[in-house]
Every structure is written in C-alpha cells, then in structure tokens.
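Given next are the chains, with one letter for each unit.
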Amino acid sequence: ASTRALLATYLAYAATTCSHGFSIQKPTTTRRAVLETLTITPFITTFLPSDDTVANAADDNVDTDATTTTTPPLPKTSPISAQWSATDGLNTNDDKKFVSFDKSAYQAMMKDQSRTPLFEQAIINRLKSAEPNSQIVLDLGTGPFALFAVIAAKNGAKHVYAIEASKEAAATARETIDKLGYAEKITVLEGFSTDVTLPEKADFAVAEIVGSVASEEGAYATIYDAHKRLLKNPTEASSWIPSRIQTYAAPASYTLQNLFLPPAFDWTKLQGEPVRFNCRDEGLQLVSNPVLIEDISFADITNKAGSLQKQVTFTVDGERVEKNRDAFLQEFKRGNVREAESLSTTTANSVSGIALWPRLLLDDNVEVNSRHYPDGGHQKSHWQTVLPITAETPTPVKGGDEVSVTFDFTVPTEVTTPSSYKISGSVVRS
C-alpha cells in the first residue's frame with residue numbers, strides 16, 4: 001500500500017504541467033499521457049498501474065540490500081540515438097502530411113507577447129521603408145485571425161494576399177477580415193501556397209510557419225517555392241519576415257525519465273516521438289551551452305539545401321549540473337516526491353535526450369527567441385522545447401563529459417512530405 005501511495009504521489013507530480021506560458025500541441029504530449037503510453041499494464045480509472053505492477057516495479061527498482069551490492073563502473077562510452085518525423089505527436093491534416101492547429105493553438109500564438117508584438121514591429125518597419133500605400137504583401141499561413149495580414153493592411157499596405165491551407169481557418173479568416181472592414185484590402189486564398197498563383201508578385205512576405213524544430217512545419221519547402229514564383233526581389237533579406245529561422249540544441253536532463261524506470265515504464269514505447277515541453281518547464285534542464293543546428297536564410301534558400309548532416313560535441317558543464325540539481329530539488333519538493341535530495345542529484349547528473357527549440361531573426365534589428373538567448377534559459381513562449389529521448393534509461397554524466405552526436409535532418413522541397421530527423425552518437429566520459 002505504501003508503494004502504491006508513493007506512485008500516486010509521483011503521478012500527481014507528473015500530471016502537473018507548468019502553469020506558465022502556453023501549451024499548443026495535442027494532449028498526448030502532456031506528462032500524464034506520456035506515462036499512460038509508457039506503462040506496461042493499462043492504467044485503471046485513477047491512472048495508476050495495478051498493485052502487482054507497482055509491487056514489481058518497487059522490487060525491480062529499489063536496492064533491498066545496499067551492503068552487498070556493488071555498483072559496476074560506467075563504460076567509457078554510452079550510445080544514444082533517436083529518430084522521428086515532423087508530424088509525430090502533433091496535430092495533422094487528415095492524411096497526416098503536414099502539421100495543423102486547433103483554435104486554442106492559434107489563440108496561443110496570437111497572445112504570445114514574445115512573438116506577436118515583434119512581428120508587428122517588423123511589419124511596420126518594412127512598410128515605413130517604402131512609400132505609403134505602395135507595398136504588396138504576402139502572408140503565408142494567415143490562420144483564422146489573419147493577424148499579420150490585418151496588421152499590414154492597417155499600417156499602409158496597398159494590398160495583402162493571405163494564403164491558408166486549412167479550409168476551416170481560411171473561412172474564419174474571411175469572416176474576420178470582413179468584420180474588421182478590410183475585405184477590399186486583403187484577399188484570402190485557400191490552399192497550399194505551392195498551388196497558388198498570385199495576380200501580382202509581392203514586395204515582401206510574412207511567413208510565420210516555424211515549428212519548435214524550425215523546419216518541422218514545412219517552412220523550407222514553402223519558402224523555396226515562394227522564392228521562385230511569388231516575390232519581386234526574393235534574394236533580398238528585406239523581402240522576408242522572418243529573414244532567417246534557426247534551431248538550437250543542447251543535451252538535457254529530464255525529471256520524469258529518472259522517476260519512472262523500467263520495467264514498469266518502457267520509454268521505447270514512444271517509438272521516437274519526442275516529448276514536448278512548455279519552454280518554462282523546470283522539469284527539463286540543459287547540461288551544456290546551446291549550439292546552432294539549423295540555419296535557414298530565406299533570401300538564400302535556393303542556394304542551400306534544407307537537409308543537413310552536422311556533427312557536434314557538447315561538453316557537460318559542471319556549474320550547470322549543480323544549478324540544475326537545485327532546480328530539480330525544488331521541482332521534486334513541489335510534487336511532494338520522496339527521496340527528493342537523491343533524485344535531484346541523479347537527475348542533474350544525467351542526459352535524457354537532446355533538446356531542440358527555434359529562434360527567428362525577423363530583420364536586422366528584431367529577433368524572436370523561444371528560450372533565452374544565448375544560454376537557452378527558460379522563458380515564456382507558445383513554441384515548445386522538443387526532447388527526443390535518446391536511451392531507454394537516462395544516461396549518467398558529470399561535468400567534463402562529452403556528448404558527441406550527429407544531427408541528420410532530411411528536409412524536402414515538397415510541402416506535403418514531412419521532414420524527418422535523426423540524432424545519433426554517444427556520451428564519452430572524461
């Protein structure tokens with residue numbers, strides 16, 4: 001009974017998501033749902049495993065005779081790997097070929113104060129750089145609120161062409177535009193931009209089609225096509241907002257993978273699908289300085305492939321590990337988790353995966369960060385931090401160890417073909 005009560009406490013903690021920021025993905029990315037996926041036996045109505053499962057997990061995971069057990073030395077290297085598709089774990093259209101959003105997701109984007117005001121500033125700056133009522137604007141992925149299209153129309157655009165792939169979102173966008181009185185200035189075009197021909201080419205495009213891994217929402221294929229057909233001067237950075245999108249990465253520690261271990265919980269059941277975090281979730285902490293992985297310049301997009309293969313060696317930062325231990329201790333204490341002290345130390349000295357998140361350069365003076373730049377610290381954002389789990393159990397590390405990985409991203413030029421991602425490498429102990 002005591003073991004069951006302990007697990008109940010753990011699950012209560014696991015079900016508690018960070019109250020700050022926004023969560024825009026479907027429910028399978030939440031902490032509790034991840035655990036439902038991982039348990040060997042189904043959850044009962046209280047979301048707890050059976051008594052037998054709990055008892056077995058306790059027997060397997062707890063050292064009952066510490067005086068006679070010797071911990072074997074860690075190997076010099078430990079392999080890590082993960083691979084997934086851009087649509088894994090996300091809402092998609094009916095044929096699962098591209099990422100789609102529900103109303104709450106669009107509202108989270110609109111209300112994101114680290115994003116929307118900066119896009120508005122960049123749009124106004126670009127319009128002010130030309131004669132009033134002279135600029136043709138293209139809004140790629142306008143959404144149901146036609147937010148950036150309306151901003152452009154309101155601030156002196158001659159005309160705005162707003163393209164939206166979702167039939168429902170396009171219909172709502174037309175209603176929104178009509179209610180706001182911009183029906184004559186904004187034309188909504190339904191369908192993929194790759195299938196649309198504009199009556200005239202645009203002076204600049206607004207394209208907030210950036211995923212939590214920057215390329216996962218089809219930005220590369222969309223801009224590649226628009227570059228060839230839809231812009232007057234596509235090789236100029238001023239023709240694009242954002243002008244550049246990036247993905248940063250760093251190895252990370254994760255509370256729940258240290259709390260819930262085999263055999264009761266099987267992390268391989270995620271089948272590569274990453275865990276997605278609110279960017280203010282203290283249950284994930286970086287163990288090294290971030291590194292730039294993806295860097296897509298819209299003005300140069302036809303000269304540089306979207307796919308990449310990049311080798312990176314991260315060095316585990318001992319000071320970060322110590323700070324992370326304190327953060328994890330507070331997390332576990334808030335969840336009333338027993339053994340908080342030892343768990344926080346174990347968690348801080350481990351790697352569960354390679355965290356990824358986006359950064360957008362809107363123009364020369366305006367940038368949008370989903371995590372604090374350049375250290376990758378927590379901050380409020382509608383984007384999420386993506387964590388592909390790289391081993392069945394957390395990989396032990398300490399300050400000075402190296403995490404050496406190869407990022408192999410396949411980013412197609414066809415918008416309906418999802419990008420695919422692979423990370424492989426090893427932890428090398430000092």
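Shown above is the structure to which this text applies.
Residues numbered from 1 in each chain as written. Predicted model: local features only at pLDDT ≥ 70, side-chain atom pairs only at ≥ 80, totals over all residues. Heavy atoms only, no water.

## Notes on the pattern of salt bridges
Per the stated rule, a full pass over the model turns up 10 salt bridges. Here Asp295 and Arg244 are joined by a salt bridge, their closest N and O atoms 2.7 Å apart. Residue Asp295 is found in strand β10 (residues 291-297), and its partner Arg244 is found in strand β7 (residues 244-254); the two are separated by 51 residues along the sequence. Given a relative accessible area of 27%, Arg244 falls into the partly exposed group. For the salt bridge of Glu341 with Arg325, the shortest nitrogen-to-oxygen distance reads 4.0 Å. Placement of Glu341 in helix α11 (residues 340-348) and of Arg325 in helix α10 (residues 318-334) is noted, with a sequence separation of 16 residues between them. (Salt bridge = Lys/Arg side-chain N within 4 Å of Asp/Glu carboxyl O. Helix = DSSP H or I, 4+ residues; strand = E, 2+ residues; numbered from the N terminus. Buried < 20%, exposed > 50% of the residue type's maximum accessible area, 1.4 Å probe, protein only.)

## Some points on the side chain of Ser344
For Ser344, the location among the structural elements is in helix α11. When residues no more than four places from it in sequence are discounted, the contact partners of Ser344 are Arg325, Phe328, Leu329 and Phe332. (Contact = heavy atoms within 4.5 Å.)

## Structural notes on unusual backbone geometry
Cis rather than trans, the peptide bond between Pro262 and Pro263 has omega equal to 5°. Its place among the elements puts Pro263 in the loop between α9 (255-259) and β8 (275-278). The residue Asn133 is not glycine, and still its phi comes out positive at about 60°. You can see Asn133 is positioned in the loop between α5 (116-128) and β2 (136-140). For Asn133, a relative accessible area of 47% puts it in the partly exposed group. Although it is not a glycine, Ala146 adopts a positive phi angle of roughly 45°.

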